[in-house]
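A structural walkthrough
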Amino acid sequence: MKWQIAIDGPSGAGKSTIAKLLANKLGIEYLDTGAMYRACTVKALRLGINLEDEEQYRFLEDTSIEFRNHEIYLDGENVAEAIRTLEVTKNVSMVCHFGYVREKMVELQRKMGESISIIMDGRDIGTVVLPNANLKIFLTADLAERAKRRMLEREEKGQNVQTLEETMDEMATRDYKDSHREIAPLCKAEDAIEIDTTNLSISEVVEKITSLVNERGFKMEENKNVEMSVAEEQVEAAQEEKVEEVTKQEVSAQPAEESTEVAAENEEASVSSEEEAETQEENSVKPLQLVKVVVLEVLPASKEVKKGDKVVRPAKEERVLVQLENGQEGLLFRNDLVDINEDEELVDQFMEGDELEAIVKKVFPDGGKVLLSQTLLEKRESLKKFEEAVANHEVLKAKVVKAIQVGLVLDHEGYTCLLPSTQITDKDADLASFVKQEIEVVPIRVDYNHIRLIVSQTVADAIKNKQEKNDFISSIKEGDVFDGTVKNITSYGAFVELGHGVEGLLHISEIDHNRVNKVEKVLNTGDAVKVQVIKVDTHRINLSRKALIPNYWKDFIDSCEVGATVKGIASDINNAGVVVDLNEHVQGFLPKSEVSWEKDANIEDLVTKGSEIEAKVIELDLNKKRIILSLKQLVANPWEEANFVIGATVTGTIVKILPEGFKVNVNGLSGYLPKGNVPKDTVLLEGQEVTGKVRAFEPERTRLIITLREDVEKATPKADKKEFGKYMKNDKVTNTFGDFLNLDDYKNLK
Ligand code: DC
């Protein structure tokens, strides 16, 4: 049986580390699908294509991406390193959001996992690539934790490391893009098991997943793709430990020079300079060093004594003389001792040979006795309480004591803190201007050697920003309106920042009531845009711009109905009909066929451009933005009321002379008198009254033919039809003949 394990989750959640270890442990294959999207990005960047144009990714048709010994090869070249550059990381989200690219990669991924047991990690493995995987895991972790891991990873690889804030930003942006893209967005499959790795070690996560795998009946013997030797397993185990150890290390934010500058407990105990330290002998102790000492004796307070003409003042108070392990002598004064009451004599507390631990408080370059302190040792011990604050990125308040070359020295409740310049948010700030200010910092390391905390203002600000961002996100409700800024344009919409770096998606269909084909035609990066929230959930904020724009068509159509009479201005007249402005934003159309019941009516005789008309609504269609009007339907159809009997005598007026006949108005209807039906030598003029007989009457075709000849029945019907056809064709006003006569009728005439 082939086993498939899908591991999805945001960047830095530990997917690849875990997946690799698991694959080895279970003896099955591992496929890093993110690496494949990265390889596409490497090639796209090298080719210099327009990354935003999906068409240009056709290069993938003849691109090879393969894995050999777990390293990725692009067109035969090992690109394991090239895919991890910042440039690739910054652009990969764009590349992987295109449907075409995803299709290609998913096809490859499925092929690779077709015949073997495999673990794949990525964003859409459980949802798209391996929807039937035996086990689906969704790994998550705190953003700050993930950013730290990513920094360590880069640091280890000797790559450029951004600040924690920059890394958090970079990751948050990528997470957002990965989970907001239209195709295969990062999301947890319904049947996936979520594991938050923030406070779990790597081996704990591997263990957890291994037991899930086992619970589901995984049998190593059946699934192992490659047999692992004992030696290999040992190497793996060692690597596992190493990775774990590295992950547990703190992010060292100190600059190299920092070690030369020691911020100490108090001015007295403060440090010697680098040169000073260098002049000290190899085995001599250094300030703030923890030392073991043996009590030699307790020296009593002594008064001033005169030695020759010199006044010697050995000490005004009792102190303990001790010997250090390197043979040097040292002194512990009362105020540097702990657990001694004021009324207790030191001689009663210390005996020769007692072993103590203390911190070196001061070293005299001339080889004088070293000053030692137990209070400093106590302080050093108490620093342990900050380990938790470091782990939890706790924000502390601290007062700036002084500016030094490499940053600022601060005091937090009696504890010295060093804020290296690299961890100050405003990189151009004048350090001296901070002195005496209280600022917020996050301890990033407990520095026992120098009895202080290393703190970061950038991390504190990033956390505060994150907090504000989270608060802001949770305050967002459906219906809220924001003045946003367009941050990014994609083929399917625009990402709009609402505030605090929070972006929502304004889908292309939500930009305007009118169809928008290309986002850039309406919006550009940097544009201010008013938007309304139409949907919020944990993964996304969907926005609408059109919701805030009046929908004139909808309003009009909602307030109207078919059959209603409306007023409007005939703003344009053309061959097809009349455009009628129903209001400033909405137009109706009066087709030529709806102007009059008379087939040959001239629109301009009935409608004047610019004038107000009243018409009947005969069709409403909001989707097509179509309002069709009729003028003729305001009155009854005279053809329906007329009744002519063939052969009956009728009187009419010649209204128009046509090439092959005459248009005759008979009781308000347009009749036709073909020339052939006029007796020879009879001259007819426009306006002349004629009396004749009905030769044909078909009201449904608005057809009335009259003749002035006596021999009605002798007129050849065929010739008449031809004549009638010509009349219709020649008459310019009726050149959209089909409007008047439906096509079948027209064909019948021929
Ligand atoms: O895991 P990673 O950071 O190497 O992934 C690189 C990018 O590829 C990331 O932005 C998400 C994307 N990706 C994806 O869209 N689908 C996958 N199956 C794997 C990665």
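Owing to the predicted nature of the structure, the values given are computational and were not obtained by experimental measurement.

Helix and strand content of the chain: 21 helices and 35 strands. Expressed as a percentage of the 750 residues in the chain, the buried residues total 48%. Within the chain, counting contacts between residues at least 6 apart in sequence, those at least 24 apart form 66% of the total.

As a further point, take the site of the ligand. Taken together, 16 residues lie around the ligand, and Arg 38, Arg 102, Arg 123, Asp 124 and Arg 181 are the ones closest in. In this structure, Thr 33 approaches the ligand through a side-chain N or O atom, which is 3.0 Å from a nitrogen atom. Taken by itself the ligand offers 440 Å² of open surface, and the protein chains cover 96% of this. For the shell around the ligand, the secondary structure elements donating two or more residues are α2 (33-47), α3 (86-96) and α7 (164-180). No other element matches the four residues that α2 contributes to the shell around the ligand. For the shell around the ligand, a count of residues per class yields four nonpolar, four polar and eight charged.

All right, on to the sheet that holds strand β23 (residues 502-507) then. With respect to topology, five strands assemble into a closed barrel ordered β21-β22-β23-β25-β24, the strand pairing being mixed. In this sheet, neighbouring strand axes are inclined to one another by 55° on average, regardless of whether the strands run parallel or antiparallel. Sheet topology note: the strand β21 (residues 481-490)/strand β22 (residues 493-499) ladder contains five bridges and is antiparallel. Among the inter-strand pairings, Val 486 is bridged to a residue of β22, identified as Val 496.

So, on to the packing of aromatic side chains. The final tally for this structure, using the stated rule, is nine aromatic pairs. Taking 6.4 Å as the distance between ring centres and 90° as the angle between the ring planes, the aromatic pair formed by Tyr 492 and Phe 495 counts as edge-to-face. Accessibility expressed as a relative area gives 8% for Tyr 492, which makes it buried. Residue classification places Phe 495 among the buried residues on the basis of a relative accessible area of 2%.

Across all of its chains, the model carries 31 salt bridges by this definition. Between Lys 464 and Asp 461 there is a salt bridge; the shortest N-O distance is 3.3 Å. One end of the pair is Lys 464 and the other is Asp 461, both in helix α15 (residues 457-475) and three residues apart, which spans about a single turn. Of the residues examined, Lys 464 reaches a relative accessible area of 30% and is grouped as partly exposed. Residues Arg 701 and Glu 698 are paired through a salt bridge, measuring 3.4 Å at the closest nitrogen-oxygen approach.

All right, on to the pairing of strand β28 (residues 587-591) then. Where strand β27 (residues 577-581) meets β28, five bridges bridge the pair, whose relative direction is antiparallel. When the bridges of β28 are listed, Val 579 appears paired with Phe 589. If you look at the hairpin formed by β27 and β28, you'll find five residues sitting between the two strands.

It is worth spelling out the nonpolar core at this point. Judged by nonpolar contacts, the single largest core of 35 residues is most densely connected at Tyr 57, Ile 65, Ile 72, Val 101 and Met 105. With seven residues, the single largest contributor to this core is α2. Not counting residues within four places of it along the chain, the set of residues in contact with Val 101 comprises Tyr 37, Cys 40, Tyr 57, Leu 60 and Val 95.

The strand order around the closed barrel formed by five strands is β9-β12-β13-β15-β14, and the pairing between neighbours is mixed. Averaged over all neighbouring strand pairs, the angle between strand axes comes to 55°, with direction disregarded. Note that strand β9 (residues 290-299) and strand β14 (residues 355-362) share five bridges and pair antiparallel. Counterpart to Lys 292 in the pairing with β14 is Glu 357. Of the strands in this sheet, β9, β14 and β15 (370-373) are in contact with helix α13 (residues 375-382), which crosses β14 at around 95°.

Turning our attention to α2. With 15 residues, α2 ought to run about 21 Å at 1.5 Å a step, and its terminal C-alpha atoms sit 22 Å apart, in line with that. Within α2, eleven of the 15 residues are buried, which leaves it mostly tucked inside the rest of the structure. If you check the start of α2, you find a side-chain oxygen 3.2 Å away from the backbone N of Gly 34, and it comes from Asp 32. A positive backbone phi angle near 70° is found at Gly 48, which sits one or two residues after α2.

Let us now look at the pairing of β15. Of the two faces of β15, the one carrying Val 370 and Leu 372 and the one carrying Leu 371 and Ser 373 are both buried. As paired strands, strand β13 (residues 329-333) and β15 are joined by three bridges and run parallel to one another. Its bridge partner lying in β15, Gly 330 is registered against Val 370. Pairing of β14 with β15 involves three bridges; the strand directions are antiparallel. Looking at the pairing, Ile 359 lines up with Ser 373 of β15.

Okay, unusual backbone geometry next. Residues apart from glycine generally show negative phi values, whereas peptide bonds are mostly found in trans. A positive phi is found at Asp 75, a non-glycine position, where the angle reads about 45°. If you trace the backbone, Asp 75 turns up in the loop between β4 (71-74) and β5 (77-78). With relative accessibility at 40%, the residue Asp 75 sits in the partly exposed group. Unusually for a residue other than glycine, Ile 451 sits at a positive phi of about 45°. With respect to the secondary-structure elements, Ile 451 resides in the loop between β19 (438-447) and β20 (452-456).

A few words now on the confidence of the model for the chain. When the pLDDT values of the chain are averaged, the result is 83; 84% of them are 70 or greater. Considering only residues more than four positions removed or in separate chains, one finds that residues 225-280, a stretch of pLDDT under 50, has 87 contacts.

This paragraph deals with the environment of Gln 688. Its location among the elements puts Gln 688 in the loop between β33 (669-674) and β34 (689-698). It is 8.1 Å that separates the C-alpha atoms of Gln 688 and Val 655, two residues lying 33 residues apart in sequence. With sequence-adjacent residues up to four places away left out, Gln 688 is seen in contact with Gly 652, Thr 653, Ile 654 and Val 683. Within the structure, Gln 688 has its side chain in polar contact with the backbone nitrogen of Leu 685 (distance 2.8 Å).

Bringing the side chain of Ser 93 into the picture now. Its place among the elements puts Ser 93 in helix α3. Setting aside anything within four residues of it in sequence, one finds Ser 93 in contact with Arg 174, Lys 177 and Asp 178.

Here we come to the packing of α7 against α15. Each pair of packed helices can be summarised by the angle the axes make with each other and by the distance between the axes. Relative to each other, α7 and α15 sit at 30°, their axes nearing to 8 Å. One finds that α7 runs roughly parallel with respect to α15. On α15, the residues that touch Leu 164, Glu 165, Met 168 and Ala 172 of α7 are Thr 458, Val 459, Ala 462, Asn 465 and Lys 469. Looking at the contact of α7 with α15 residue by residue, the classes come out as five nonpolar, two polar and two charged.

Cut-offs and rules
- Residues numbered from 1 in each chain as written.
- Predicted model: local features only at pLDDT ≥ 70, side-chain atom pairs only at ≥ 80, totals over all residues.
- Heavy atoms only, no water.
- Helix = DSSP H or I, 4+ residues; strand = E, 2+ residues; numbered from the N terminus.
- Buried < 20%, exposed > 50% of the residue type's maximum accessible area, 1.4 Å probe, protein only.
- Contact = heavy atoms within 4.5 Å.
- Near = heavy atom within 4 Å.
- Polar contact = N/O pair within 3.5 Å; in protein donor to acceptor, adjacent residues only side chain to side chain.
- Areas by Shrake-Rupley, 256 points an atom, 1.4 Å probe, with all protein chains shown as cover.
- Nonpolar A, V, L, I, M, F, W, Y, C, P; charged D, E, K, R; others polar.
- Pairing = 2+ DSSP bridges.
- Axes fitted to C-alpha atoms, helices over the stretch in contact; angles between N-to-C directions.
- Phe/Tyr/Trp six-rings, centres within 6.5 Å; stacked < 30°, edge-to-face > 60°.
- Salt bridge = Lys/Arg side-chain N within 4 Å of Asp/Glu carboxyl O.
- Core = buried A, V, L, I, M, F, W, Y, C linked by side-chain atoms within 4.5 Å.
- Expected span 1.5 Å × (residues − 1).
- pLDDT = per-residue confidence, 0-100.
- Parallel < 35°, antiparallel > 145°, perpendicular 65-115°, else oblique.

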